[in-house]
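Listed below are the residues making up each chain.
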Amino acid sequence: MRNPLSEKVVAIKPSGIRKFFDIAQEMKEAISLGVGEPDFDTPWHIRDEGIYSLEKGKTFYTSNAGLKELREEIANYLYRKQGIRYEDPMKEILVTVGGSEAIDIGFRAMINPGDEVLIPQPSFVSYEPCAVMAGAKPVIINLKEENEFRLTAGELEEAITERTKILVLPFPNNPTGAIMERKDLEAVAEVILKHDIYVMSDEIYSELSYKEKHVSIAQLPGMKERTLLINGFSKAFAMTGWRLGYACGPKNIIEQMIKIHQFAIMCAPTTSQYAAVEALKNGDEDVAEMCTAYNQRRRYLVHSFREMGLKCFEPFGAFYIFPCISEYGLSSDDFAMRFLKEEGVAVVPGTAFGDCGEGYLRISYAASLENLKTAMERLKDFLGRLREEQGHK
């Protein structure tokens, strides 16, 4: 019988995250610090707006690109928050099924076979497989802890070839929590303009920045017209299950993305779109409240790691922390599996986000402070046991 499967898809490795959650779900008293999902419920006023839209019978398709009102509010929001002006939201903004769909169709709309996509890693698991499925050649840029996992202009310059078309800019970063400040982006932008390449800027964690207000590369001179800005409602507004994101960019790119979107999806969920309008209009206080809670947890973990002698740079974005465990003589995968089985705490090995994540763990602080404190007590015991094992060797 003929093989029914695509060789390209079969060759793609599944996400390295799920197996830890599957094991944790079968364990009583397990604490999961691996989920990239807010532990807050969607604020009530946002939920109410979704419920109200259902009660009013607003259950039909929207336009392919999304509700006109929502696209206008996205434009207002980005101008209010970051000073980026999308003057024609009907042609420059597309509402998608989460930020992940925007990544996928963004690549498919822009890539020709053999084009190179630069992907800084460690980073979100979807970039590399989506680039491959679009026909691109992924070129990995290994970010370094000594640079606080920021992308430097020198690293970018070194990776560019005549086939380079797109740079993925994943900041604030999942899994490291790294951010790019304005001075970092200005140096990178010079290289981008010099080589005439495009940027896919994934800013899903833009509201969760603890050092300074988030800066988008699209704010910089000459960059908006070559940047596909991707964002959504999952992280900032605690709306993961609503599955809603958006892409903003040059009209010619958005036009082709809408074409793919209309054939594959039709439109994003209607109920979610009405709720999202409310989130953008009246959700600033909710976001600030959640951000304050995340920052408290972030500072607690940084302090805890320092107390137990666990090496970790201080992250200033998203809700992840990326400690180094290389001194304990275990691979990231082995460390995470033993920690789960022996102490009942699920974390994610750094290698799930690229080979250069070896020797690190991703720990999410989108969990209650009580659970974080219990997990840190268990981690302290686990590290003590590993040190004893090393002493006996």
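Note on numbering: residues in each chain are counted from 1, in written sequence order. A pLDDT threshold of at least 70 governs which residues receive local features in this predicted model, and a stricter bar of 80 or more applies before side-chain atom pairs are shown or counted, although totals over entire chains, interfaces and linings include all residues. Think of the side-chain values as coming from all heavy atoms in the structure, minus any hydrogens and water.

Colleague: Explain the sheet that holds strand β7 (residues 227-232) to me, and be specific about the residues and the numbers.
Modeller: In short, DSSP must find at least two bridges between two strands for them to pair. Under the DSSP-based scheme used, a helix requires at least four consecutive residues in state H or I and a strand at least two consecutive residues in state E, with every element numbered from the N terminus. Across the sheet, which stays open at both edges, the seven strands sit in the order β2-β8-β7-β6-β5-β3-β4 with mixed pairing between neighbours. Across the chains shown, the open sheet's two edge strands, defined by having one partner strand only, are β2 (93-96) and β4 (137-142). Looking at each pair of strands side by side, their axes are set apart by 20 degrees on average, direction ignored. Taken together, the four bridges between β7 and strand β8 (residues 245-248) define a ladder with antiparallel strand orientation. A fitted line through C-alpha atoms serves as each axis, taken over the contacting stretch for helices, and the angle formed by two N-to-C directions is quoted from 0 to 180°.

Colleague: Which residues make up the packing of aromatic side chains, and what values go with them?
Modeller: Working definition: an aromatic ring pair is given by the centre-to-centre distance plus the angle between the planes. Between the rings of Phe, Tyr and Trp (Trp by its six-membered ring), a pair exists once the centres lie within 6.5 Å; its type follows the angle of the planes, with under 30 degrees stacked, over 60 edge-to-face, and the other angles tilted. Going through the model one piece at a time under the given rule, you end up with 17 aromatic pairs. Summarising the aromatic geometry, the rings of F149 and F322 are spaced 5.6 Å apart at their centres and angled 85 degrees between planes, so their arrangement reads as edge-to-face. Note that F149 is positioned in the loop between β4 and α8 (153-159) and F322 in the loop between β9 (320-321) and α13 (332-343), a separation of 173 residues in sequence. On the accessibility criterion, F149 (1% relative accessible area) is buried. Working definition: with a 1.4 Å probe on protein chains only, accessible area under 20% of the residue-type maximum means buried, over 50% means exposed, and in between means partly exposed. Look at F322 and you get buried, because its relative accessible area is 0%. Each ring, one from F335 and one from F382, has its centre 5.1 Å from the other, and the planes form 85 degrees; the classification is edge-to-face.

Colleague: Report on the sheet that holds β9, specifying residues and quantitative values.
Modeller: Spatial ordering of the open sheet is given by β9-β12-β11, a layout of three strands whose pairing is antiparallel. Of all the strands in the sheet, just β9 and β11 (348-349) have a single pairing partner and so form its edges. Pairing of β11 with strand β12 (residues 361-364), which is carried by two bridges, proceeds in the antiparallel orientation. Across the sheet, the residue bridging to P349 is L361, located in β12.

Colleague: Run through the pattern of salt bridges, naming residues and quoting values.
Modeller: Salt bridges are defined as contacts in which a side-chain nitrogen from Lys or Arg sits within 4 Å of a carboxyl oxygen from Asp or Glu. One pass over the full model with this rule turns up 24 salt bridges. Notably, a salt bridge pairs D284 with R80, separated by 2.5 Å at the nearest N-O pair. Of this pair, D284 sits in helix α12 (residues 284-307) while R80 is found in helix α4 (residues 68-82), placing the two residues 204 residues apart along the sequence. Since its relative accessible area comes to 30%, D284 is described here as partly exposed. Owing to a relative accessible area of 42%, R80 belongs among the partly exposed residues under this scheme.

Colleague: Could you give an account of helix α10 (residues 251-264), with specific residues and numbers?
Modeller: What a helix is expected to span follows from its residue count: subtract one and scale by 1.5 Å. With 14 residues, α10 should reach 20 Å at 1.5 Å per residue; the first-to-last C-alpha distance of 20 Å fits that figure. Phi turns positive, to about 85 degrees, at M266, one or two residues after α10.

Colleague: Break down empty space enclosed by the protein for me, citing the residues and quoting the values.
Modeller: Rolling a probe over the atoms, with the probe sized like a water molecule, indicates the empty space that remains. Cavity means a closed set of points on a 1 Å grid over the protein atoms alone, one where a 1.4 Å probe fits but cannot get out, pocket means an open set with protein on both sides within 12 Å along at least 5 of 7 lines, and lining means a residue has an atom within 4 Å of a point. Grid points are joined across faces, edges and corners, and a volume is the space filled by probe spheres set on the points. Per the counting criterion, the structure on display carries three cavities of 30 Å³ or more. Within this model, the largest cavity holds a volume of roughly 110 Å³. In this structure, the largest cavity is lined by 15 residues; those nearest its centre are F171, P172, M180, H214 and V215.

Colleague: I'd like a rundown of unusual backbone geometry, residues and numbers included.
Modeller: It is generally the case that most residues other than glycine have a negative phi and that most peptide bonds are trans. Looking along the chain, the bond that leaves Q121 and enters P122 is cis, with omega of 10 degrees. Relative to the assigned elements, P122 resides in the loop between β3 (116-121) and α7 (127-133). At the junction of F171 and P172, the peptide bond is cis and its omega measures out at -10 degrees in the coordinates. As for its position among the elements, P172 is in the loop between β5 (164-169) and α9 (182-195). With a phi angle near 55 degrees, F149 is a residue other than glycine that sits in the positive phi range. The backbone of D196 shows a phi angle near 55 degrees, a positive value even though the residue is not glycine. For D196, the location among the structural elements is in the loop between α9 and β6 (198-202).

Colleague: I'd love a proper account of the nonpolar core, names of residues and values included.
Modeller: L33, F305, F335 and L379 are the most contacted members of the largest nonpolar core, which has 44 residues in total. Within the residue set of this core, elements represented by two or more residues are α2 (18-25), α12, β9, α13, β10 (345-346), β12 and α14 (369-392). Looking at this core element by element, the count peaks at seven residues for α14. Once you skip the residues sitting within four places of it in the chain, L33 turns out to touch V345, A346, V347, R362, I363, S364, A367, L372 and A375. Only buried Ala, Val, Leu, Ile, Met, Phe, Trp, Tyr and Cys residues count toward a nonpolar core, and they belong to the same one when joined by side-chain atoms within 4.5 Å. A contact between two residues is defined here by any heavy atoms of the two lying within 4.5 Å.

Colleague: Tell me about the packing of α4 against helix α11 (residues 270-282), residues and numbers included.
Modeller: Direction vectors running N to C along α4 and α11 enclose 25 degrees, while the axes themselves pass 9 Å from each other. As judged from the angle between their axes, α4 and α11 are roughly parallel. Between α4 and α11 lies a crossing of left-handed hand. Counted together, E69, L70, E73, I74, Y77 and R80 of α4 and Q273, A276, V277, L280 and K281 of α11 form the full contact between these two elements. Gly is put with the polar residues, along with every residue not named as nonpolar or charged; the nonpolar set is Ala, Val, Leu, Ile, Met, Phe, Trp, Tyr, Cys and Pro, and the charged set is Asp, Glu, Lys and Arg. Of the residues contributing to the contact of α4 with α11, the split by class is six nonpolar, one polar and four charged. Throughout this description, any angle smaller than 35 degrees is read as roughly parallel, any larger than 145 degrees as roughly antiparallel, any in the 65 to 115 degree range as roughly perpendicular, and the remainder as oblique. By definition, any crossing whose near helix is turned counterclockwise from its far helix by less than a right angle is left-handed, and any crossing with a clockwise turn is right-handed.

Colleague: Before we move on, can you summarise α11 with the specific residues and values?
Modeller: A rise of 1.5 Å per residue sets the reference length of α11, with its 13 residues, at 18 Å; its end C-alpha atoms lie 19 Å apart and thus fit the reference within 8%. Counting buried positions along α11 yields 10 of 13 residues, so the element is predominantly enclosed. Taken together, the buried positions of α11 are occupied by T270, S272, Q273, Y274, A275, A276, V277, E278, A279 and L280. On the buried face of α11, the contacting elements are α3 (44-55), α4 and β2.

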